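Overview (structure and organization)
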Amino acid sequence: MNKQRINTFISVISFICFSIVVFGILTLGFFVAPVIFKTVIPRDLASEIMTDIFLRYYPFAFTCTLITILAELLKILLNKELLKSRMWMLQISLIIAVTFLTGYSNFELLPKINEMRLTHKGPTLWTNMDFVLLHKQAEAFGKAMFMFGVIYFSLLLSNKSPKGAPVSKTPGNTGSLILSTEFNSGVNPGPKEFGENPM
């Protein structure tokens, strides 16, 4: 395998892992959680279900973010010019930010939420201000993860978007060169631009 194929393979792995994290938090936070909290009664039971789900999701998501960072570091080994790219530096910064939020949620927030859920069972759970604040903090972290993910994919798409029609570099093919240049500028070329006799 040449460097280009290896780089492509690494980029695909990075994209898949980061997509799992971003779209996972989107699915759980914006679709699954609202449905469960609306349909499951009492509310503390809904909280128990969602906590169990997130306790399984966040370790997996954190592993995916670490794999994404590792993949990006491997890309540097194959192409050190990436270190000079502002676009790549911004993308890796967003990945690191999501990794931090995922890790903090997994190792700090969720254990505390789960502990309070086990020690304050019943209707009084949501009257405990410490639990409510932790829950709101977890929600804010989830929204920030999704926002950073959206920015990352927006940058990725903008970086891959075509810049215009390709210019032919074939010697003597001036017609193709003029056509490409005027296609990009939106000018409608007349017959003289192609060296043709208008008569």
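In this text the structure is predicted, and so the values were computed from the model without any measurement.

Points about the side chain of Ser 19
Locating Ser 19 in the fold gives a position in helix α1 (residues 3-39). Beyond its immediate sequence surroundings of up to four residues, Ser 19 is in contact with Gly 24 and Phe 153.

Let's talk about the environment of Thr 102
With respect to the helices, strands and loops of the structure, Thr 102 is situated in helix α3 (residues 86-119). Since its relative accessible area comes to 0%, Thr 102 is described here as buried. When the C-alpha positions of Thr 102 and Gly 142 are compared, they lie 8.3 Å apart, and in sequence the two are 40 residues distant. Leaving out residues up to four positions away in the same chain, Thr 102 has contacts with Val 21, Tyr 58, Ala 61, Phe 62, Thr 65 and Met 145.

Details of the confidence of the model for the protein chain
Looking at the protein chain, the pLDDT average stands at 82 and 79% of residues meet or exceed 70. Element-level pLDDT for the protein chain is lowest in helix α5 (residues 174-185), with a mean of 39, against a maximum mean of 94 in α3. Every residue in residues 164-199 is under pLDDT 50, and counting partners more than four places away or in other chains gives 19 contacts.

Procedures and definitions
- Residues numbered from 1 in each chain as written.
- Predicted model: local features only at pLDDT ≥ 70, side-chain atom pairs only at ≥ 80, totals over all residues.
- Heavy atoms only, no water.
- Helix = DSSP H or I, 4+ residues; strand = E, 2+ residues; numbered from the N terminus.
- Contact = heavy atoms within 4.5 Å.
- Buried < 20%, exposed > 50% of the residue type's maximum accessible area, 1.4 Å probe, protein only.
- pLDDT = per-residue confidence, 0-100.

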